[in-house]
There are 6 protein chains.
Amino acid sequence: MSLQRNQIESVVAMALAEDAPFGDVTSQTFIPAATTAAAELVGREPGLLAGAEVFEVAMTALDDSVKVTLLAADGDRFEAGQPLARVEGPARAILQAERVALNLVQRMCGIATLTARYVAAVADTKARVVDTRKTTPGLRALERHAVRCGGAHNHRYSLSDAVMAKDNHLAVVDDIGAAIRRARAELPHTLHLEVEIDRLDQLDAVLAGGPDTIMLDNFSLDDLVEGVRRIDGRAIVEASGGITLDTINAVARTGVDVISVGALTHSVRALDLGLDVTVGRPR
Amino acid sequence: MSLQRNQIESVVAMALAEDAPFGDVTSQTFIPAATTAAAELVGREPGLLAGAEVFEVAMTALDDSVKVTLLAADGDRFEAGQPLARVEGPARAILQAERVALNLVQRMCGIATLTARYVAAVADTKARVVDTRKTTPGLRALERHAVRCGGAHNHRYSLSDAVMAKDNHLAVVDDIGAAIRRARAELPHTLHLEVEIDRLDQLDAVLAGGPDTIMLDNFSLDDLVEGVRRIDGRAIVEASGGITLDTINAVARTGVDVISVGALTHSVRALDLGLDVTVGRPR
Amino acid sequence: MSLQRNQIESVVAMALAEDAPFGDVTSQTFIPAATTAAAELVGREPGLLAGAEVFEVAMTALDDSVKVTLLAADGDRFEAGQPLARVEGPARAILQAERVALNLVQRMCGIATLTARYVAAVADTKARVVDTRKTTPGLRALERHAVRCGGAHNHRYSLSDAVMAKDNHLAVVDDIGAAIRRARAELPHTLHLEVEIDRLDQLDAVLAGGPDTIMLDNFSLDDLVEGVRRIDGRAIVEASGGITLDTINAVARTGVDVISVGALTHSVRALDLGLDVTVGRPR
Amino acid sequence: MSLQRNQIESVVAMALAEDAPFGDVTSQTFIPAATTAAAELVGREPGLLAGAEVFEVAMTALDDSVKVTLLAADGDRFEAGQPLARVEGPARAILQAERVALNLVQRMCGIATLTARYVAAVADTKARVVDTRKTTPGLRALERHAVRCGGAHNHRYSLSDAVMAKDNHLAVVDDIGAAIRRARAELPHTLHLEVEIDRLDQLDAVLAGGPDTIMLDNFSLDDLVEGVRRIDGRAIVEASGGITLDTINAVARTGVDVISVGALTHSVRALDLGLDVTVGRPR
Amino acid sequence: MSLQRNQIESVVAMALAEDAPFGDVTSQTFIPAATTAAAELVGREPGLLAGAEVFEVAMTALDDSVKVTLLAADGDRFEAGQPLARVEGPARAILQAERVALNLVQRMCGIATLTARYVAAVADTKARVVDTRKTTPGLRALERHAVRCGGAHNHRYSLSDAVMAKDNHLAVVDDIGAAIRRARAELPHTLHLEVEIDRLDQLDAVLAGGPDTIMLDNFSLDDLVEGVRRIDGRAIVEASGGITLDTINAVARTGVDVISVGALTHSVRALDLGLDVTVGRPR
Amino acid sequence: MSLQRNQIESVVAMALAEDAPFGDVTSQTFIPAATTAAAELVGREPGLLAGAEVFEVAMTALDDSVKVTLLAADGDRFEAGQPLARVEGPARAILQAERVALNLVQRMCGIATLTARYVAAVADTKARVVDTRKTTPGLRALERHAVRCGGAHNHRYSLSDAVMAKDNHLAVVDDIGAAIRRARAELPHTLHLEVEIDRLDQLDAVLAGGPDTIMLDNFSLDDLVEGVRRIDGRAIVEASGGITLDTINAVARTGVDVISVGALTHSVRALDLGLDVTVGRPR
């Protein structure tokens, strides 16, 4: 899976408009239109790159004579001080785009770098780490890509492309198994059907409906083990609920297939990157 | 200053479209159209509310028969377990909007709560804490509002509404004071003119231009004191650069007027809020 | 699954703008602004209703004082001459919206009515009839809803929400089974994975990859029977390719689970509906 | 008259977004980004080409490195098996655009091919065949172009660019002739004024108003002859109402100038075209 | 003909966004949210009203609790000091919309008032005064409405809804009459065909083509008389080119049917209107 | 400060769509697609150029093979008959864009030329001439640029980027000085704070609040002199209210810093420019 160019372009255009609704008055005032600049995107701390193409689109969006040379690819690890991309072109365009480019790429690198730590923590198990819908409104496509750069997997994209029945959805039915079967009979055969349960005693009723995935939400480790045992390959098993770097390995060792971690995206620490700019001196 | 209703509506509409490009298949499948639900927005940890109107707009955007009753106002402190708003209406609309509402409000409360800690840390000084342009692309208006809810101030909105000349802008000129005066002569008299310097030895040249604000970037505490002394009321003095909760009080005590803190918005930890939903049981 | 109100509203708004970019000069000229009208949507031939809400949205979009009373629901059969909805309100708004409303609803009823014939033709089997992506650009959500009104099921919504690997996708790989397994390992666990084959001799390699659905494209009846036998429940079996009302029952009797029929939407005959309008006479 | 490039581009962009709201997961998964493909658009049945430029825009919209060579022009007849265009470029872009390109061009060719049959049927008369506003919402510009490719003419574009007074418009006036004259006095002199009548006895009153065109709606052949005789060149005469390939020649022979045929566009059978793709094999 | 509500709403929304991209900081700062205001739209000089509904939409666009009472209708004459509308509601919304409302309505009243002078100047003739495409980009619908309020007529709306062949269009053809006939044969029968000529010696060739209207551009009064004589009712005659209030009566007396006057819209003097606001005093 | 390319492009795109919602039927009919044209933009009266880039964008927007050579730059004076730009390319594109290009550039040149007269009238003083928010809705960025081309300055861009407290804003407060100080304490330090007064006796209270600028609205010359004397450099002094070419020099001589003139933009006389087109003759 990959990030669509038009998704990047539309986020960048929105961000640039927000950040300069009627132009960058500083650059227009201090920098002659013909002045050029060169710049380097540099890691100020070690991390994992995500968003190289976002950087490129942001830097060239205002003036397509700006040239970007990428020095690293998404998914690459980098050190503090390492140059990640080079930029050359009209100084006004580069200075006006700088903050937007950094705001987006720092966030994406922050997600990828954190994600990689979660993935590493379960490397000795068969569990896959996945993201959630706790993404920043407007930036889901970018943040999901950053999660993939970090080595994890995506969960469903949205409310539209898979079914996830939770307690509130099941609260209205008398027979959960029958309700799941009715849903299956109505829905496209291509729609994945996942059901979330909070307690082991719900498991048999759900299994009777034949869902594709069963999410065990906020289960103890013991209950996870028991859940995996009872499901016994009849559905994918997902664990969820407050999982941290400290707990994820133990959760993975219970035998679950999928571990969803909201923290990958809901509380992003921007990774520290800088744009070192050299504005051309007039002779 | 206040958040514009249409800014909220446009963010919410975008977020809902992103999260359900072709509908919420789960609710459509499991919840009859006529089923109603009641819900409470509840703090899962103590915090400071920001985004009450955002919550209201998100909850009513899909179906205007949803009713929201706010139980707290922006800027209010709340405890873990405290209900912040009540919602009633069609279950499908409430369940479909839940995640978007939480994603937005948790982020805003996270910002407001953190901001309030920075503001409290300088309460014994005359310095004002301000935000930066390190906001989430697309959410600037909401995040700036959250900063205000937390008791801090906003900096310029964008590149368009104030001048901020940094080293890259000044690198092309021989005489900084003359360049600032030329800018002043060209620009609207209503445009605030701020200049950033990295070293004390730049101060005299900048002061000669007569800027409205001088930003002392990454200055030591001693240099801040000296900068304030030499500026001597001829410009507003802003301190900036890597300021944390640990260091902000000492910075404020140097006598600067304004302290800008990128961390208010660039690395938001979402505050833990929940939506406790009771879906109506059919009789 | 249901049609989203905002999807209807956006199609209707686009259609009304296309049909009257600068107003309905005829109504503005001949009909006084205060003149009211009453109208009935009537079937001119027997059929199956789809699009009642679309009709309502179209009729009220220009003037929300127009009142629509629905006399039949989506999925209902109707006779020639049977009134399906009543409309009352400003004559200008009703006359301006008439053509757009009919263009949309006639198309939807045409699809639903035809679909119901396909569904009836396999009623004695367990096969489900499904649509394809051969829908009218811009009207997919409406046409899929019409298919559901006709008693059939939907296939995937778009290229984004399920995988369907065809010959062109598989042409680049040496080991089809391995390629499918690699895809599975990379993709979200919620993405349905369907593979299309043209010949029985491809079946074993595909089965080795463990897809969710196997589509047997343009198979003879005998080959369908053999395919079903060999798949033996390990995947959903879909038949596809030039299936008509004359052939669908025989296809269904081969034991396949799903039959996709492009003709449901790619060549729609608009059902004949009329809007009988009585414009108020001034006294 | 010709199809505007920006109209094509906007329909194609909308269609591609609808068909892949968050990317083509199949191509992204199975086809390496660097893989190229070649393809031919081929007629699977004989027909008349309309939409060559639409095909070109659709194929290049996702990646402008895709190259399209048109082998036939709009209005050309083609045989089953005849190649109509060649495509070369990145395989992902070609496979993602395939369905949208075919959906649009098959529809346009269907319209053009059918239209040509209507035109041929009146070739021995002076009557012109014209379309109606019974077009697919969103595709009017494309469908009108297809009608022109088929050799017929367009009627008014929309409710905005010509007046067409029907029974409902005239029902509110006492003196039809006076009403038409009042309309003429009020309207721009550049607006064509057409009046529809259902019965011969309405003719004198309408003629008294001096319209540009009189439409005789659902008239018998005898009444059409009589209408033409009585109008006697004082207005363009248009026949309308349920005209088919079987009846159009007789209608044309009554001497009418214009025959409008809703069936040209309201019930389109997509012409069978295929895209034969060869995906590059990696070495 | 009338102004479409959605055209007004879209112009107003655009104008309000332009005038307050991130809110009205003054009102937000000085006026409490609960403060109400009352206001009167008053003519500061005599004139003719156009844009009453535009005023209403602008005043209510930001807050639908604002109430507008119109005291005069479009087309009404008013005196200096005369109140034209009353407004009541939240003070912030009224003050924020004030400038946009005035900018639009003052311009429309300026056009209507000037137009009425042109119309009065030819009141003793049969000529109609019409506008041109020299309107303000984005405001055409509003400005054409103002022209109608002033008692004049509109010309074609745009390049799309009528043909106007000028010297540049005719420069490429050998036989003008034949070219016009070919155009007529190709174009929809509903498209009005106007031809512009600069000299009398072009007249016969144009007449041979049978256009609907012939525009005599920059003709002397004598040549206009001669043109009218020679056209002799076979086409509508339009005079154009630098016509002023001083010359229009003489032009009209030549017997032309239509006189187009670019000055109605291309150089608008805003009529002086004021909004007298009384902001509620807190008790 | 400079005009943003994307602002120009968006105005031009809107204007072209308004002027040809479904194409230029005249050019499409009379001009073969392959015909080329050459054209010159020529001043028909002396003036001052503003909008050269707008002309270029408009001319190339429909077909990027059109080539524009600018012969003068924004701010240049030109004589009647002087060529300002040359255009070459497809005749259809040039003829379709002609009116939109002229409508925009004539207006901009009209503003620049008038503005230059106001600026010249105060050339012997230190006062700067500034524009107001009385601009044409949708064209503010272009009109402000034209004002700058004429040698004047801009005032605030919108309600969002500076505070301007008028009588209505101050009517709700008891202590104006305190209110201004409260505002200052709440607002970003980068927001310029201007206060408008109508009478000298309001001056002390306003000065007590320490605003950045004080606007003396509709003051007599004597009162302006007295105002300047009493403000004595503690704030920028702006004069406003019905200032004309006849009165501006006297106003400037009172010693005010800034004179705002609504007439620069609220009642624009389009400067007379023409596009002399030579359409290529086929051989």
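Fair warning: this is a prediction, and the values are worked out from it, not measured in the lab. (Residues numbered from 1 in each chain as written. Chains lettered and ligands numbered in written order. Predicted model: local features only at pLDDT ≥ 70, side-chain atom pairs only at ≥ 80, totals over all residues. Heavy atoms only, no water.)

Another aspect to go through is the side chain of Gln4 of chain A. By the secondary structure assignment, Gln4 of chain A is in the segment before helix H1 (5-19). In this structure, Gln4 of chain A is in contact with Phe22, Gly23, Asp24, Gln28 and Gln96 of chain D, ignoring residues within four places of it in sequence. (Helix = DSSP H or I, 4+ residues; strand = E, 2+ residues; numbered from the N terminus. Contact = heavy atoms within 4.5 Å.)

Mapping chain B onto chain A leaves a residual RMSD of 0.0 Å; the transformation is a rotation of 180° accompanied by 0.0 Å of translation along its axis. Here the copies are linked by what is in effect a two-fold axis. Closest approach to the rotation axis within chain B is made by the C-alpha atom of Val268 of chain B, at a distance of 3.1 Å. Same-surface contact between copies: 100% of interface residues of chain B are shared with the interface of chain A. (Least-squares fit on C-alpha atoms with pLDDT ≥ 70 in both.)

Once that is clear, we can look at the interface of chain B and chain A. Residue-level contacts link 63 residues of chain B with 63 residues of chain A. For the pair chain B and chain A, the two sides together bury roughly 5200 Å², of which 57% comes from carbon and sulfur. The largest contributions to the chain B side of the interface with chain A come from Phe30, Pro137 and Leu159 of chain B, which together make up 14% of the buried area. Applying the counting criterion to the chain B and chain A interface returns 4 salt bridges. In this structure, Arg133 of chain A and Asp19 of chain B form a salt bridge, with 2.6 Å as the shortest nitrogen-oxygen distance. (Buried area = accessible area lost by both parts, 1.4 Å probe. Salt bridge = Lys/Arg side-chain N within 4 Å of Asp/Glu carboxyl O.)

This part covers helix H5 (residues 140-149) of chain F. Residues and elements named next belong to chain F. Burial runs high along H5: 9 of the 10 residues are buried. Taken together, the buried positions of H5 are occupied by Arg140, Ala141, Leu142, Glu143, Arg144, His145, Ala146, Val147 and Cys149. Immediately beyond the C-terminal end of H5, within one or two residues, lies Gly151, with a positive phi of roughly 95°. (Buried < 20%, exposed > 50% of the residue type's maximum accessible area, 1.4 Å probe, protein only.)

Turning to the side chain of Thr113 of chain A, a few remarks are in order. Residue and element names in this part refer to chain A. With respect to the helices and strands, Thr113 occurs in helix H4 (residues 91-121). A polar side-chain atom of Thr113 sits 2.9 Å from the main-chain amide nitrogen of Leu48. What Thr113 contacts, discounting residues up to four positions off in sequence, is Gly47, Leu48 and Leu271. (Polar contact = N/O pair within 3.5 Å; in protein donor to acceptor, adjacent residues only side chain to side chain.)

Time to look at the sheet that holds strand E12 (residues 273-279) of chain D. Residues and elements named next belong to chain D. The strand order E3-E5-E1-E12 describes an open sheet built from 4 strands, whose pairing is antiparallel. A strand with exactly one partner marks an edge of an open sheet, and here the two such strands are strand E3 (67-70) and E12. Strand-to-strand twist of the sheet, defined as the mean angle between neighbouring strand axes without regard to direction, takes the value 15°. Relative to strand E5 (residues 83-90), strand E1 (residues 36-43) is paired through 7 bridges, and the arrangement is antiparallel. (Pairing = 2+ DSSP bridges. Axes fitted to C-alpha atoms, helices over the stretch in contact; angles between N-to-C directions.)

A few words now on the relation of the copies chain B and chain C. Of the transformation placing chain B onto chain C, the axial shift is 0.0 Å and the rotation is 120°, giving an RMSD of 0.0 Å. On the angle and the small slide along the axis, the relation comes out as a three-fold axis.

Attention now moves to the packing of helix H1 (residues 5-19) of chain E against helix H3 (residues 52-60) of chain E. Residues and elements named next belong to chain E. In contact at an axis separation of 9 Å, H1 and H3 are set at 50° when each is read in the N-to-C sense. Compared by their axis directions, H1 and H3 come out oblique. As for how H1 packs across H3, the hand of that crossing is right-handed. Packed against H1, whose contacting residues are Arg5, Ile8, Glu9, Val12 and Leu16, the element H3 presents Glu53, Val54, Glu56, Val57 and Ala58 at the interface. Within the contact of H1 with H3, the residues separate by chemical class into 6 nonpolar, no polar and 4 charged. (Parallel < 35°, antiparallel > 145°, perpendicular 65-115°, else oblique. Left-handed = near helix turned anticlockwise from the far one by under 90°. Nonpolar A, V, L, I, M, F, W, Y, C, P; charged D, E, K, R; others polar.)

A few words on the pairing of E5 of chain D. Relative to E5 of chain D, E3 of chain D is paired through 4 bridges, and the arrangement is antiparallel. Looking at E5 of chain D, one finds that Val68 of chain D is bridged to Val87 of chain D.

Residues and elements named next belong to chain D. Reading across the sheet, the 6 strands line up as E6-E11-E10-E9-E8-E7 and stay open at both edges, with parallel pairing between neighbours. Single-partner strands in this sheet number two, and they are strand E6 (128-130) and strand E7 (163-165). Between one strand and the next, the sheet's axes are offset by a mean angle of 25°, whatever the strand orientation. Relative to strand E10 (residues 236-240), strand E9 (residues 213-217) is paired through 5 bridges, and the arrangement is parallel. Looking at E10, one finds that Asp217 is bridged to Ser240.

Okay, the packing of aromatic side chains next. Throughout the structure, instances matching the rule amount to 6 aromatic pairs over all chains. Seen from their ring centres, Tyr157 of chain A and Phe22 of chain D are 3.9 Å apart, and the 5° between their planes marks the pair as stacked. Of the two residues, Tyr157 of chain A is situated in the loop between helix H5 (140-149) and strand E7 (163-165) and Phe22 of chain D in the loop between helix H1 (5-19) and helix H2 (25-30); the pairing between them involves two chains. Looking at Phe22 of chain D, the relative accessible area reads 8%, which means it is buried. (Phe/Tyr/Trp six-rings, centres within 6.5 Å; stacked < 30°, edge-to-face > 60°.)

Here the focus is the environment of Asp246 of chain D. Residue and element names in this part refer to chain D. Relative to the assigned elements, Asp246 resides in the loop between E10 and helix H10 (248-252). Relative accessible area serves as the criterion here: at 74%, Asp246 is assigned to the exposed category. Considering only alpha carbons, one finds Asp246 and Tyr118, 128 residues apart in sequence, at a separation of 9.3 Å.

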